[in-house]
Protein chains: 2
Amino acid sequence: MNPKKKQLLDAAYQLFVEKGYQSTSIQDILDQSVVSKGTFYNYFSSKNELFIDVFNTVFEKMRNARKEILVGRDVSDYETFIQQGNCYLELMQKYKLYTLFEEAIASNEKELKAFMENNRLLEIEWTYHRLRDLFGEAKTPYLLDLAVIYTGMLQYAMYFFRQSEPNTQPERVVRYVFNRLTHLVEDVSRTEEQLIPPRFLSVWLDRPQDEVVIRKELFEKTNAHMKRLITLSPISEESKEAHDEVLDFIYEELLERKKPKIHLLRRALETLAEDPIFTGQEIMTQYQGMVDEIAHIRTRVQ
Amino acid sequence: MNPKKKQLLDAAYQLFVEKGYQSTSIQDILDQSVVSKGTFYNYFSSKNELFIDVFNTVFEKMRNARKEILVGRDVSDYETFIQQGNCYLELMQKYKLYTLFEEAIASNEKELKAFMENNRLLEIEWTYHRLRDLFGEAKTPYLLDLAVIYTGMLQYAMYFFRQSEPNTQPERVVRYVFNRLTHLVEDVSRTEEQLIPPRFLSVWLDRPQDEVVIRKELFEKTNAHMKRLITLSPISEESKEAHDEVLDFIYEELLERKKPKIHLLRRALETLAEDPIFTGQEIMTQYQGMVDEIAHIRTRVQ
DNA sequence: AACAAATTAGACTTACTGTACAAAAGGAGC
DNA sequence: GCTCCTTTTGTACAGTAAGTCTAATTTGTT
């Protein structure tokens with residue numbers, strides 16, 4: 001990287017952390033980095049852009065540090081997850097990023113806000129995926145809610161905990177909040193309460209394709225499971241064949257058609273659901289939910 | 001109120017809500033209210049002060065609306081609490097205060113930040129007291145944690161829920177989060193995990209005396225309960241008398257002495273705890289906790 | 001040495017907060 | 001209607017900061 005640019009980035013990082021974003025003037029950064037105004041505007045079109053540039057790398061570093069904790073370890077291990085949370089928060093504390101990020105996220109500068117917003121969403125997404133690692137695919141419908149709630153608990157608990165004991169490790173807080181979370185996983189999967197369907201994650205992050213790919217895997221499993229169920233069920237061979245046809249139709253229509261015919265799909269699903277071997281079965285509602293979600297995403301992609 | 005001042009407050013409120021704090025210049029407010037700059041600075045020393053003046057009354061209105069829901073109703077009724085939460089969030093939504101408050105709380109202006117900070121604390125305090133109404137005094141040690149966590153869950157759930165369904169009532173969110181909370185109350189009182197002792201509430205709000213008064217009541221009850229326990233227990237009259245003396249000593253020393261002798265108190269407590277009738281009893285740990293807290297507050301008041 | 005690219009210093013525009021003060025308007029009592 | 005005092009106005013001014021522009025200087029390369 002160009003030395004002048006690096007000087008600017010370093011000085012900016014230092015000053016932002018030290019004094020906050022608004023209170024750091026471009027002149028401050030120029031003085032600190034011993035670079036002239038002209039050069040500054042040669043590399044960055046505004047202070048916002050500089051900030052984004054600086055903290056993109058900071059975020060990346062933090063995420064990498066967190067990722068490294070996972071290597072060679074079981075993704076479903078609770079302890080690993082706690083360590084990852086702890087690591088992330090320790091870095092936040094070490095670099096005193098709390099207030100700075102608060103300032104940026106509430107900034108009235110559109111670009112900045114959007115940048116921080118996106119990072120917030122990436123955090124939720126990461127948590128969502130990790131919760132799926134920890135608690136299993138079966139809990140998926142509730143995991144976006146739990147990721148959101150977990151993040152909220154953690155943020156607030158950290159905030160107030162720092163006020164009561166400023167210089168302690170965040171580990172106690174992470175542990176406390178995680179213990180609460182494990183209870184809530186059981187709680188919501190028992191009561192089946194859902195607030196925000198997980199498909200919104202990709203809506204927010206505006207990358208519907210991803211979600212289709214992720215869903216596809218899960219859908220294929222469920223589809224295969226349904227087929228197995230049918231062959232094992234005590235119904236006539238004719239019905240079995242009919243069901244198989246429907247399943248194949250749904251599969252093709254849903255995943256391979258350019259523009260799935262939603263109404264046809266619904267109809268097909270209904271005929272399937274009418275069979276007594278499926279009524280009241282959890283697998284059926286799961287299956288229906290998946291079809292709905294994927295159809296929803298795919299029509300949006302159009 | 002002076003008409004010019006009112007004009008300014010009205011215009012400021014409208015513009016702040018519409019455009020945000022930073023993006024509203026004083027000139028904008030002057031234009032909107034048809035008041036001159038001189039008059040503005042006659043009534044407010046800065047834009048910050050104006051903001052604080054405006055939103056002090058807004059906060060008050062919101063709190064009053066919430067308070068009115070409680071009149072004539074049982075403070076321990078869950079439904080009432082949910083309605084109160086819902087009411088507060090609806091007002092936040094109605095007046096579009098979310099982003100505005102976010103902006104203010106992260107502002108780099110010290111006064112503003114302090115003002116919002118204080119309001120945040122008042123919210124936690126309110127929640128804490130209401131949770132005590134709902135779940136009873138026995139849960140007190142865990143209720144600050146729960147108030148903090150509840151607020152965090154609610155904020156984050158609301159934030160993301162608004163993104164998925166922008167124009168719906170917050171009631172679903174409040175209900176969802178409250179349901180989770182009820183589980184956590186059982187959870188933490190079973191595992192006895194505590195993150196932030198409730199005394200910090202008054203430390204943060206910087207009014208230590210209050211807390212002594214509040215604690216005193218609770219302490220008296222527990223003290224009386226201990227005495228009853230002793231008279232009913234199968235130990236010698238001599239031991240009973242000895243224990244009674246210790247209890248009285250602690251009571252006087254702790255609540256009536258100007259400067260309680262902490263080490264003596266600790267010693268007295270230990271002798272009490274040594275008796276087998278107390279070992280492992282929850283009441284004893286509660287009692288010890290209370291003594292610790294009150295002693296802590298009272299020495300700080302000094 | 002010659003040339004191109006990077007860099008500098010500083011003047012300049014725009015937009016905002018907050019100060020200062022003289023002039024004008026308003027209102028209460030006589 | 002007149003006086004006195006307060007409120008209000010209009011405007012000029014100082015200070016800060018973001019961002020633009022340009023002529024001059026430095027640096028690196030061939």
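For clarity, every value in this text was computed on a predicted model and none was experimentally measured. (Residues numbered from 1 in each chain as written. Chains lettered and ligands numbered in written order. Predicted model: local features only at pLDDT ≥ 70, side-chain atom pairs only at ≥ 80, totals over all residues. Heavy atoms only, no water.)

1. Observations regarding the domain arrangement of chain A
Part 1 of the argument: When cut into domains, chain A gives domain 1 (1-44), domain 2 (58-191) and domain 3 (207-301).
Part 2 of the argument: Of note, the centres of domain 1 of chain A and domain 3 of chain A, computed from C-alpha atoms alone, are 56 Å apart. (Domains from an automatic or database assignment.)

2. Considering the interface of chain A and chain B
Part 1 of the argument: Each partner contributes residues to the interface: chain A has 44 residues there, and chain B has 44 residues.
Part 2 of the argument: Interface of chain A and chain B: buried area, both sides summed, is about 4300 Å²; carbon and sulfur atoms make up 63% of it.
Part 3 of the argument: In terms of surface lost to chain B, no three residues of chain A exceed Tyr156(A), Tyr176(A) and Leu195(A), which account for 18% of the buried area on that side.
Part 4 of the argument: Applying the counting rule to chain A against chain B returns six salt bridges. (Contact = heavy atoms within 4.5 Å. Buried area = accessible area lost by both parts, 1.4 Å probe. Salt bridge = Lys/Arg side-chain N within 4 Å of Asp/Glu carboxyl O.)

3. Overview of the protein's contact with DNA strand D
Part 1 of the argument: Close contacts around DNA strand D come from 15 residues, with Lys37(A), Lys4(B), Ser36(B), Thr39(B) and Tyr43(B) the closest.
Part 2 of the argument: When the atoms of DNA strand D within 4 Å of the protein are grouped by moiety, sugar and phosphate amount to 69% of the total.
Part 3 of the argument: Tyr41(A) is positioned with one of its side-chain polar atoms (N or O) 3.4 Å from a phosphate oxygen of DNA strand D.
Part 4 of the argument: One of the side-chain N or O atoms of Lys4(B) is found 3.1 Å from a phosphate oxygen in DNA strand D.
Part 5 of the argument: Of all the elements in the fold, those that place two or more residues in the surface near DNA strand D are α3 (37-43) of chain A together with α3 (37-43) of chain B.
Part 6 of the argument: Classifying every residue of the surface near DNA strand D gives five nonpolar, seven polar and three charged. (Near = heavy atom within 4 Å. Polar contact = N/O pair within 3.5 Å; in protein donor to acceptor, adjacent residues only side chain to side chain. Helix = DSSP H or I, 4+ residues; strand = E, 2+ residues; numbered from the N terminus. Nonpolar A, V, L, I, M, F, W, Y, C, P; charged D, E, K, R; others polar.)

4. Some thoughts on the UniProt feature "domain: HTH tetR-type" (unreviewed entry) in chain A
Part 1 of the argument: UniProt annotation of "domain: HTH tetR-type" (unreviewed entry) refers to residues 2-62 of chain A when read in the numbering used here.
Part 2 of the argument: The straight-line gap between the two end C-alpha atoms of residues 2-62 of chain A is 24 Å; of that span, 79% is helix and 0% is strand. (UniProt positions renumbered as here; feature names shortened; annotations may be inferred.)

5. Quick word on the protein's contact with DNA strand C
Part 1 of the argument: The full set close to DNA strand C counts 14 residues, and Lys4(A), Ser36(A), Thr39(A), Tyr43(A) and Lys37(B) are the nearest of them.
Part 2 of the argument: Put simply, 67% of the atoms of DNA strand C that lie within 4 Å of the protein are in sugar or phosphate.
Part 3 of the argument: Between DNA strand C and Lys4(A) there is a distance of 3.0 Å, counted from a phosphate oxygen to a side-chain nitrogen or oxygen.
Part 4 of the argument: Take Lys47(B): an N or O atom from its main chain is 3.4 Å from a phosphate oxygen of DNA strand C.

6. Some remarks on the packing of helix α8 (residues 140-164) of chain B against helix α9 (residues 171-191) of chain B
Residue and element names in this part refer to chain B.
Part 1 of the argument: Where α8 meets α9, the closest approach of the two axes is 10 Å, and the angle between their N-to-C directions is 150 degrees. Looking at the two axes, α8 sits roughly antiparallel to α9. Considering the relative orientation of α8 and α9, their crossing is right-handed. In this structure, α8 contributes Tyr142, Leu146, Ile149, Tyr150, Met153, Leu154, Ala157, Met158 and Phe161 to the contact, and α9 contributes Arg172, Val173, Val174, Val177, Phe178, Arg180, Leu181, Leu184, Val185, Val188 and Ser189.
Part 2 of the argument: Each residue belonging to the contact of α8 with α9 can be placed in one class, and the counts come to 17 nonpolar, one polar and two charged. (Axes fitted to C-alpha atoms, helices over the stretch in contact; angles between N-to-C directions. Parallel < 35°, antiparallel > 145°, perpendicular 65-115°, else oblique. Left-handed = near helix turned anticlockwise from the far one by under 90°.)

7. Describing the packing of aromatic side chains
Residue and element names in this part refer to chain A.
Part 1 of the argument: Throughout the structure, instances matching the rule amount to 44 aromatic pairs over all chains.
Part 2 of the argument: Consider the rings of Tyr13 and Phe55, whose centres lie 6.0 Å apart with planes at 50 degrees: the pair is tilted. Within this pair, whereas Tyr13 is found in helix α1 (residues 3-19), its partner Phe55 is found in helix α4 (residues 47-70), the two being separated by 42 residues in sequence.
Part 3 of the argument: A relative accessible area of 23% means that Tyr13 is categorised as partly exposed.
Part 4 of the argument: Relative accessible area serves as the criterion here: at 0%, Phe55 is assigned to the buried category.
Part 5 of the argument: Centre to centre, the rings of Phe16 and Phe51 are 5.5 Å apart; their planes meet at 55 degrees, and the pair counts as tilted. Highlighted residues: Phe16 in helix α1 and Phe51 in helix α4, separated in sequence by 35 residues. (Phe/Tyr/Trp six-rings, centres within 6.5 Å; stacked < 30°, edge-to-face > 60°. Buried < 20%, exposed > 50% of the residue type's maximum accessible area, 1.4 Å probe, protein only.)

8. Structural notes on the nonpolar core
Part 1 of the argument: Residues Phe51(A), Phe55(A), Phe51(B) and Phe55(B) are the most contacted members of the largest nonpolar core, which totals 152 residues.
Part 2 of the argument: The contact partners of Phe51(A), leaving out residues within four places of it in the chain, are Phe16(A), Tyr21(A), Leu100(A), Ala104(A), Leu112(A), Phe115(A) and Met116(A).
Part 3 of the argument: Core analysis: the next-biggest nonpolar cluster, separate from the first, contains 22 residues, Leu247(B), Leu255(B), Met284(B) and Val291(B) among them. (Core = buried A, V, L, I, M, F, W, Y, C linked by side-chain atoms within 4.5 Å.)

9. Regarding the UniProt feature "DNA-binding region" (unreviewed entry) in chain A
Part 1 of the argument: Taken from the UniProt record, the annotation "DNA-binding region" (unreviewed entry) applies to residues 25-44 of chain A.
Part 2 of the argument: Between the C-alpha atoms that bound residues 25-44 of chain A there is a distance of 14 Å. The span itself is 75% helix and 0% strand.

10. A closer look at the relation of the copies chain A and chain B
Part 1 of the argument: For the match of chain A to chain B, the screw axis carries a shift of 0.1 Å, the RMSD comes to 0.6 Å, and the turn is 178 degrees. The operation mapping one copy onto its partner corresponds to a two-fold rotation axis. Of every C-alpha in chain A, the one belonging to Gly152(A) sits nearest the axis of rotation, 2.1 Å from it. (Least-squares fit on C-alpha atoms with pLDDT ≥ 70 in both.)

11. A word on the pattern of salt bridges
Part 1 of the argument: Applying the stated criterion to the full structure yields 22 salt bridges over all chains.
Part 2 of the argument: The salt bridge partner of Arg120(B) is Glu102(A), with a shortest N-O separation of 3.6 Å. On the criterion of chain membership, the pair formed by Arg120(B) in helix α7 (residues 110-135) and Glu102(A) in helix α6 (residues 97-105) is interchain, its members lying in two chains.
Part 3 of the argument: For Arg175(B), the salt bridge goes to Glu79(B), with nearest N and O atoms at 2.7 Å.

12. Points about helix α12 (residues 237-255) of chain A
Part 1 of the argument: Given a rise of 1.5 Å per residue, 19 residues ought to cover 27 Å, and the 27 Å separating the end C-alpha atoms of α12(A) matches this to within 8%.
Part 2 of the argument: Residues Lys240(A), His243(A), Val246(A), Leu247(A), Ile250(A), Glu253(A), Leu254(A) and Leu255(A) constitute the buried set of α12(A). (Expected span 1.5 Å × (residues − 1).)

13. Examining the side chain of Ser189(A)
Residue and element names in this part refer to chain A.
Part 1 of the argument: Turning to its location among the elements, Ser189 is positioned in helix α9 (residues 171-191).
Part 2 of the argument: One polar contact links Ser189 to Lys139, side chain to side chain, over a distance of 3.2 Å.
Part 3 of the argument: A distance of 3.2 Å separates the side chain of Ser189 from the backbone oxygen of Glu186, its partner in a polar contact.
Part 4 of the argument: Apart from the residues lying within four places of it in its own chain, the contact partners of Ser189 are Lys139 and Tyr142.

14. Comments concerning the environment of Glu49(B)
All names here are of chain B.
Part 1 of the argument: Structurally, the position occupied by Glu49 is in helix α4 (residues 47-70).
Part 2 of the argument: Overall, the relative accessible area of 32% leaves Glu49 in the partly exposed class.
Part 3 of the argument: In the structure, Glu49 is positioned 178 residues away from Lys227 in sequence and 54 Å away in space, judged by C-alpha atoms.
Part 4 of the argument: Beyond its immediate sequence surroundings of up to four residues, Glu49 is in contact with Tyr43 and Phe44.

15. Considering the environment of Leu146(A)
Residue and element names in this part refer to chain A.
Part 1 of the argument: Inspection of the secondary structure assignment puts Leu146 in helix α8 (residues 140-164).
Part 2 of the argument: The class for Leu146 is buried, based on a relative accessible area of 0%.
Part 3 of the argument: Taking the C-alpha atoms as reference points, Leu146 and Thr127, 19 residues apart in sequence, are found 8.9 Å from one another.
Part 4 of the argument: Residues within four places of Leu146 in sequence aside, it is in contact with Leu131, Leu181, Leu184, Val185 and Val188.

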